[in-house]
Every structure is written in structure tokens, then in C-alpha cells.
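Commentary on secondary and tertiary structure
Given next are the chains, with one letter for each unit.
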There are 2 protein chains.
Amino acid sequence: MRIEVITIGDELLLGFTIDTNSAFLARELAELGIAVARRSSVADNRDEIAREVRAALERTGAVITSGGLGPTSDDVSVEAVAVALGRELIEDASVIARMEERFRAMGNKIPLNRMNRRQALVPSGAEVLINRHGTAPGLWIADAADRVVVMLPGVPRELRGIFVEEVKPRLARAFPAGGVILSRTLRTTGIAESVLAQRIADSGEGFPSLAYLPGWEGVDLRVTISGLHEQEASQFLAVSIEKLRRITGHHAYAEDATDLASVVLQEARRRGERIVVAESCTGGMLGARLTAIPGSSDVFLGGIISYSNDVKNRKLGVSLSTLETHGAVSEQTVLEMAAGVCDSFGSEIGIAISGIAGPGGGTAKKPVGTVCVAVQARGTTSSATRILTGDRDEIRRRATQMALDSARLLLSQSGEVRQ
Amino acid sequence: MRIEVITIGDELLLGFTIDTNSAFLARELAELGIAVARRSSVADNRDEIAREVRAALERTGAVITSGGLGPTSDDVSVEAVAVALGRELIEDASVIARMEERFRAMGNKIPLNRMNRRQALVPSGAEVLINRHGTAPGLWIADAADRVVVMLPGVPRELRGIFVEEVKPRLARAFPAGGVILSRTLRTTGIAESVLAQRIADSGEGFPSLAYLPGWEGVDLRVTISGLHEQEASQFLAVSIEKLRRITGHHAYAEDATDLASVVLQEARRRGERIVVAESCTGGMLGARLTAIPGSSDVFLGGIISYSNDVKNRKLGVSLSTLETHGAVSEQTVLEMAAGVCDSFGSEIGIAISGIAGPGGGTAKKPVGTVCVAVQARGTTSSATRILTGDRDEIRRRATQMALDSARLLLSQSGEVRQ
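Residues numbered from 1 in each chain as written. Chains lettered and ligands numbered in written order. Predicted model: local features only at pLDDT ≥ 70, side-chain atom pairs only at ≥ 80, totals over all residues. Heavy atoms only, no water.

1. Quick word on the overall build of chain A
A tally of helices and strands in chain A yields 15 helices and 17 strands. Projected onto its principal axes, the C-alpha positions of chain A cover 80 × 60 × 40 Å. Taken over 419 residues, chain A has a buried fraction of 58%. Counting contacts in chain A only where the partners sit at least 6 residues apart, residues at least 24 apart contribute 69% of the total. Surface accessibility of chain A: about 16500 Å² in total, with carbon and sulfur atoms responsible for 50%. (Helix = DSSP H or I, 4+ residues; strand = E, 2+ residues; numbered from the N terminus. Buried < 20%, exposed > 50% of the residue type's maximum accessible area, 1.4 Å probe, protein only. Contact = heavy atoms within 4.5 Å. Areas by Shrake-Rupley, 256 points an atom, 1.4 Å probe, with all protein chains shown as cover.)

2. Remarks on the sheet that holds strand β10 (residues 210-215) of chain B
Residues and elements named next belong to chain B. Reading across from one edge, β10-β11-β9-β12 is the order of the 4 strands in this open sheet, with antiparallel pairing throughout. Looking at the sheet topology across the chains shown, the edges are occupied by β10 and β12 (252-255). Neighbouring strand axes in the sheet, compared pairwise and without regard to direction, differ in orientation by 25 degrees on average. Strand contacts of helix α8 (residues 193-203): β9 (181-188), β10 and β11 (218-226), with the helix running at about 160 degrees to β10, the strand carrying the most contacts. (Pairing = 2+ DSSP bridges. Axes fitted to C-alpha atoms, helices over the stretch in contact; angles between N-to-C directions.)

3. Concerning the sheet that holds strand β17 (residues 380-387) of chain B
Pairing is mixed across the open sheet formed by 10 strands, whose spatial order is β17(A)-β16(A)-β15(A)-β13(A)-β14(A)-β14(B)-β13(B)-β15(B)-β16(B)-β17(B). Pairing within the sheet leaves two strands with one partner each, and these edge strands are β17 (380-387) of chain A together with β17 of chain B. Strand-to-strand, the axes of this sheet are offset by a mean angle of 10 degrees, without reference to chain direction. As paired elements, strand β13 (residues 275-279) of chain A and strand β15 (residues 349-355) of chain A share 5 bridges and run parallel to each other. Within β15 of chain A, the residue paired with V277 of chain A across the bridge is I351 of chain A. Contacts between helix α10 (residues 260-271) of chain A and the sheet are confined to β13, β14 (300-306), β15 and β16 (370-377) of chain A, with β13 of chain A contributing the most and set at about 135 degrees to the helix. Helix α10 (residues 260-271) of chain B contacts β13 (275-279), β14 (300-306), β15 (349-355) and β16 (370-377) of chain B of the sheet and is inclined by roughly 135 degrees relative to β13 of chain B.

4. Here's the deal with the relation of the copies chain A and chain B
Copy one and copy two of the chain differ by a rotation about an axis and a translation along that axis. Relative to chain B, chain A is turned by 180 degrees and slid 0.0 Å along the rotation axis, the superposed coordinates differing by an RMSD of 0.0 Å. In the structure described here, the two chain copies are related by an operation that fits a two-fold rotation axis. Mapped onto chain B, 100% of the interface residues of chain A again fall at the interface, so both copies present the same surface. (Least-squares fit on C-alpha atoms with pLDDT ≥ 70 in both.)

5. Remarks on the side chain of Q198 of chain A
Within the element layout of this structure, Q198 of chain A appears in helix α8 (residues 193-202). On the accessibility criterion, Q198 of chain A (15% relative accessible area) is buried. Beyond its immediate stretch of four places on either side in the chain, Q198 of chain A contacts N113, R114 and M115 of chain B.

6. Points about the nonpolar core
Counting 70 residues, the largest nonpolar core has I275, L290 and I351 of chain A together with I275 and L290 of chain B as its most contacted members. In terms of nonpolar packing, the next biggest core, distinct from the first, is built from 40 residues, V311, C342 and F345 of chain A together with L301 of chain B among them. (Core = buried A, V, L, I, M, F, W, Y, C linked by side-chain atoms within 4.5 Å.)

7. Describing helix α4 (residues 77-85) of chain A
Residue and element names in this part refer to chain A. For α4, every residue scored as buried is listed here: S77, V78, A80, V81, A82 and A84. Turning to α4, the residues buried within the fold contact β1 (2-8), α3 (46-60), β4 (89-91), β5 (121-123), β7 (138-142) and β8 (148-152). Positive phi shows up at G86, right after α4, with a value of about 65 degrees.

8. A closer look at the packing of α8 of chain A against helix α9 (residues 230-248) of chain A
All names here are of chain A. Where α8 meets α9, the closest approach of the two axes is 10 Å, and the angle between their N-to-C directions is 115 degrees. When the axes of α8 and α9 are compared, the crossing they make is right-handed. Residues L196, R199 and I200 of α8 form the contact with α9, whose own contacting residues are L244, I247 and T248. (Left-handed = near helix turned anticlockwise from the far one by under 90°.)

9. Topic: the interface of chain A and chain B
Chain A puts 84 residues into the contact, and the matching count from chain B is 84 residues. Buried surface at the junction of chain A and chain B, summed over both partners, amounts to about 6500 Å²; 55% is from carbon and sulfur atoms. Seen at the junction of chain A and chain B, the total is 4 salt bridges. A salt bridge links R38 of chain B to E52 of chain A, with the nearest nitrogen and oxygen atoms 3.2 Å apart. The tally of links from chain A across to chain B stands at 28 residue pairs in polar contact (both at pLDDT 80 or more). Within the side of chain A that touches chain B, the residues separate by chemical class into 36 nonpolar, 27 polar and 21 charged. (Buried area = accessible area lost by both parts, 1.4 Å probe. Salt bridge = Lys/Arg side-chain N within 4 Å of Asp/Glu carboxyl O. Polar contact = N/O pair within 3.5 Å; in protein donor to acceptor, adjacent residues only side chain to side chain. Nonpolar A, V, L, I, M, F, W, Y, C, P; charged D, E, K, R; others polar.)

10. A closer look at empty space enclosed by the protein
For the structure on display, the rule yields 2 cavities of 30 Å³ or more. In this structure, the largest cavity spans a volume of roughly 60 Å³. Considering the residues around the largest cavity, the lining is formed by 13 residues, among which R39, S40 and S41 of chain A together with R39 and S41 of chain B are closest to the centre. Contributing elements (two or more residues each) for the lining of the largest cavity: β1 and β2 (35-42) of chain A together with β2 (35-42) of chain B. As for the second largest cavity, its lining consists of L57, L85, R87, I141, D143, R147, V148 and V149 of chain A. Of the residues that constitute the lining of the second largest cavity, the class distribution is 5 nonpolar, no polar and 3 charged. (1 Å grid on protein atoms, 1.4 Å probe; cavity = no way out; pocket = protein on both sides within 12 Å on 5 of 7 lines; lining within 4 Å. Points joined across faces, edges and corners; volume = space filled by probe spheres on them.)

11. Notes on helix α3 (residues 46-60) of chain B
An ideal rise of 1.5 Å per residue puts 21 Å on 15 residues; α3 of chain B measures up with 21 Å between its terminal C-alpha atoms. Among the residues of α3 of chain B, those classed as buried are I49, A50, E52, V53, A56 and L57 of chain B. The buried residues of α3 of chain B occupy an angular sector of 165 degrees when projected down its axis, which confines them to one face. For α3 of chain B, the exposed residues set more than 90 degrees away from the buried face come down to R51 and E58 of chain B. Its buried side turned inward, α3 of chain B meets β2 of chain A together with β1 (2-8), β2, β3 (62-66), α4 (77-85) and β8 (148-152) of chain B. Residue G61 of chain B follows α3 of chain B closely and has a positive phi angle near 75 degrees. (Expected span 1.5 Å × (residues − 1). Arc of directions from axis to C-beta.)

Written out as C-alpha cells, the structure reads:
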């Protein structure tokens, strides 16, 4: 079973919006054994959308569109699909009723305006898919030849909600799978893509459909298998991941979508210890990443953003002589920051970052990208310096990853020592 | 002039990577007066890539591809384009030389392996585009009929670098513009899309090609004009933005890509005052956003991440009776947090956030999404409570936006009062 995804919107072709919906849909469809044969993006133009939908229907018989269902006059997707399928537009009373109800629930006194009413127009014969997350409903439009067009709003939260609640069950019924498409991903960090590739080639192990996915967090290795039944596919993937774990050693930190922050929180939880942070160039990103994980409050207490040297000295107790002799970006400074924030908050584990994120501030000895991290965990400490690549945002994100990886390695090692 | 963009990679169709390259290319091309006619994504499959490139060349005569230039065996884009154009692959000595030089400069002792060497294979007659940000070079492949295929690596940082440094000047020479495509965007926050649309409709003003771009930061309003010469286009846009500013009033906070954090820093700078933050549910995101702006260190001192109540009490001086009587998520608590962080750091402006980001922790009186923010600026304070929608990540991001907007309004108002 194959499907095409068409994302609609001038903003996509003009580059003002990044298309995250296609990726979401692809992952969800894979779980149903449905492959995305092709993705395309077209403008908010009735004729172009109609042509694209017709062509996709001819190729695969199944299309999901996103976008162009909003209340404004540039939203023409419903009209376009009605044209493509030769159907009339009619006002759906259930859509109007649900919109009024939703406005009341939100305490919204504003009556439905004509912009809202446009969103209740649907092609005749369409099944309305309830949108619990916004006002634009989705649509499921099937024809006698078992072809189907699914229309979803472009706002990611709304698209995701309708897809999971309404579309996925209908697709599973309409297209029962002959086999699944399953993937597992091993996440690595601190090792270059070409070095990884050489190690894997040298191992003599074969991995059908192994993808290298490099990013600021490191290189993810994804193994995919399709066509098998679920149990066989799972077994195959388990064996592949085990082999990759052996080849990548301590560089592998987690699987699938698990963030390194979550691994570090788990290590602290296992040790019964609490984490605090002291951040300079990252300005709060490390704390933000740790608290992005639901339930982090049992382990994470908080921290100090010490953007100025004065705050490093007064709030974290970094000595003025360290700052003068070694500079704010030095292992000595981050070690004192980590110790200082542990003392100040009465916590066992402290993670500290200081660096030069750029674009200014670099010197010959400490170029832009120079980052120092330190970790303190009860008696033990570690520190490291690296020159990270990328722009300001990427250097800051890589710095949080570097700090978290130092914490993972220290916490797992000193955990073993203590056993 | 129209061009097609083809992004290549299994990971795009499987949904493991979000395509940010298409958006970048579209924006850059618009500046040259080149419109993206269509975007598509195909798998790492030689025949499918070759077919897609041939079809796109027939339609528009100009194609940019991204991805599939890496060192590993799943990277087949160069082979595919060679097939599509009927050219042989040859090893390019200049690519090998530059790769060796780059490895030396990075202090990398690892010799070039056969994975690296694959990246030096190019279709005969191709012009190699220097990649200063990685090892995979880009390619410019023109033919006698003035058709062109530009191949770029998929890693965003590398693609961006090669595009700006090598491709943009070549495109400007090859396809001199008959007119530009220009856009300007007015950014609004704190007002719903349908309310905005109704206000604009009621104003009686016409805006050709007005796009509503809703997101967690608010609704951006983008006006686009094409075909005119640069000066006329700029004048037209200036008039349009002025009209939109009148219609949207205090909801408009900036233009184009300017972040609200940057507006707040600028207000503080104008007043000669410094900013500190106190964050609970956002865990450092507000500090991270302020420090994402280069040069923020002249105004932003730092702050305290007070994830636990104990830290709110001991480090920020929030009274235990406030925490017991009103709870950690209350305007009383955030007002004390803002006052406490100003006192502790000796700063003039304090911004505080506390909320329930979910998925757990909600109650009937304070459901998930409840967020309180407070701002203190010398004598004046403001506070607000709202119920924000979305998942944990979205609620936290909306909370930072809400806090920054409160700061913007307070700083600009109290600035006026003092004049």
C-alpha cells in the first residue's frame, strides 16, 4: 500500500514555513504498513492543487493533503478538491454546531464570523473528521472505486490530533496491512559519520537499509525492514541493533526518539541523586532540555544562568583570580561553576557550560565554537574542552549535548565504581 | 524564472528528518526573483531520483537537489544525476586535495578512507562547488541547452554555506531577473487568526497576496509582491505594512524574522536597564531565547531556574505562605519571583514564569496550560494568567512568548510615562 502526501501553502513554496507535517504523517503511516511514495508541496492555487490531487490519485489511488483549510480567503484546498473530484460544496451543520460549542467552552464571547463559516463548507459526500484541537475539521472523501482523499489542516497540532484520532483507524480498516514497515534507531554521539561508516564496513556485518542521520546531537543509525510480519520484523531489528551497539561502543547512548537528557535524568534517578545546572553561553538551554522531559522534577532542582562574570563570581563562587588567569571560558571556571551550583543548591550533581557561541568574541587561542563543560557528581569530577562547529544556535545546542554526554559518561562510570 | 527543488533521502519519506532545506532555498531564490514552482521529496533510489530530475528538467529547465552526497553507500544522488544526464563519473583531484587539507586543519589524524573518496566522484563536465563547511562538495552541471542541475549536500549548514557562497552568484549571472519577488512580514501576538482576518476584512483595505501564518509565537501577516522592479516593490510593501500596523495596533511587535526577545532587549537597552529572569515551568527557555540574540550580554545578566518550590523560597525569597495559600502557579508567586531575582542580582528588570506544562499536574481549578507571568521594572509591575493550548513543548514556548510580550508592553508603557 502506497500513498502520496501533498502539503499545500504559498508559505511552503516561499520558504516561510518549514514542513513538519510530512515527517509526522510518514512515521504514522509506516506503522500501518503504508509507504509514502512521494511528497510534494504546491501553492494556494485552486487549479494547481486540483491538478496535483488528480495526478496523485491516478498514480496511487490514495492522497493525504495538509493545509489550506483555514478561515481566510487564501485557503482554497476544499474548493480545489471538490473541483478535482467533480463534487459540489455544501455547508455542514455539524461543523457549525461544534464550532459554536468550542467557542463557548473557551469562554470566547465573539460570535462566529463569516471567516469561521467558510470552514464549514465541505464537498458533498465527504465525511467530516472532528477536530478537537481547533476549528477547521478534517475530511475523508472516498469514492466508489475505493480511492480516497484525506484532507487535514496545516496547523501541526490540529493535523496530529485529527490524524491519530480519526484518520489512522479509518486507514487501518480501509487498507489492512500485508506486512509492516518497522524501524529502530540507535543514537550515537561524539563520533564522525565517516568514521562510523568505516567501522561498520570493517565489521563485516551487513545491514540492509541502514541510514546514517547526522545532526547536531550526533549520528543516528536507523535500520528499516519492510514486508515481514510484525514479529519477524521485530526480531530482525533487535539483532541488528545489538550488532550496532557492539560496533559503536560507548558512543551509543539511546534508541529511537529518546533524548540524551532523559538518559542523564535516568542515571541520576538510579543513583538517587539530584541535578542542578550552571550555564553561561547556553543561557538556560541545558535546563530547558532537562525540563522538556515530563517528570524531570523528581531529579532536577534548577540552576543559575550566569551570563555575566559578576554573576559567575557572586552567585557561583568562581574566584576572580580564576576568571582573570584562565578566563570565563576555561575548564577551571566550569569546574568552579559546577562545584558552586552544587553548594548553593545543596545538590549532588552539577553540570556547567561556558563557551564562545559567536558570531563575535572569538580570539586566536579561543576561536568561536570553543566550549568547556564540567560535571561534578559527589566526589568525582570531569571536564572537557572542544571546538564545536556551526552557527551560534548550533554551537549552543552542540554544547548542551556535549555537557549531557559528559554527565552520562561520568554518572554511569562512577556508578559502576561504587557498586 | 522558475525552478524545482528536489530533496533526496529515505529519511525524508520515512519521516525521520524534517526538511528545512526547501524553505531556506525558497527564501534565497526569491531574492533573485526566482520562484520555486514545485517541491518534491524522493527516496535514495537511483532510478527514482534520475526520473524525477529528468521530469523536472523538462518542466522548468532548472533543478536544485539536496541530499545523497554523503560518504556512505546509501548516497546515490550523484550517480543518479549522471544517469539522468547521460554522463560518466570521474574522480576529481581538487576535491581529494581539499578534503586532505581540511582534515589536517582540524587536527584530524585519520587518513581519507574509501568512504571519503566516494565523495570525490563527479559527473564529467560538472563544476565543483567548494564546501567550506564539510567534506561533500556541491556540483553545478549545465548543458548546451542552458539547462542546469545544482546538487547540494543535505546537511543544512553545508547546504546553506555552499548556496550563499557558490550557487547564488552563479544563478544571478545565469538568470538575470526581470523583476523581484519581495515580501515583508508583520508579526503579531495575543490575537486569534480569525479575529485578525475579520478586522482586516472590516477595514476595507485590500492586500493582494496577504498570507496568515499562525504559530506558537502568534500570527505573522506576510505581504508579497512579484514582477515589479525593486524600488516600486519596496514602496508598495512599505504602504501595506503601514496599513497593517494601524489595523493590528499594539498586537504588532516586529517585522520579518525579528524575535520578540530582541524587541524586549532593545527596550531595556533604550532605558539603560538590565534584565534577569526567574523560571519555573520553562526551566531556562526564556533565558535561552534572550541569549539566542547576539549581543544580549550588554543587557541580560542571567537568572535563576527555580524548578522546585524549595528553590523558589530559598533563592528567590518567595514566601512559604504565598506558596501554601496561592500555590506555585499564581500571580502572587510570580510577582515575588520577579522581585526576588531583581533583588538577588541587583537588576532593574525581572521577568518570571510559573505554570503547568503537563502532561500531568493539572487540576480542575488550574488545568494543564495554566501559566502565570510577572514583570517588574523599577517601580512598576504587571502580572497575567492565561490558559495556553498545545502539548508540553508548545505550552512552554507559548509561555515564554507571553512573558516577553508582557515585558514589551510594560517596558514601552512605563517608558512613555517617564518621559
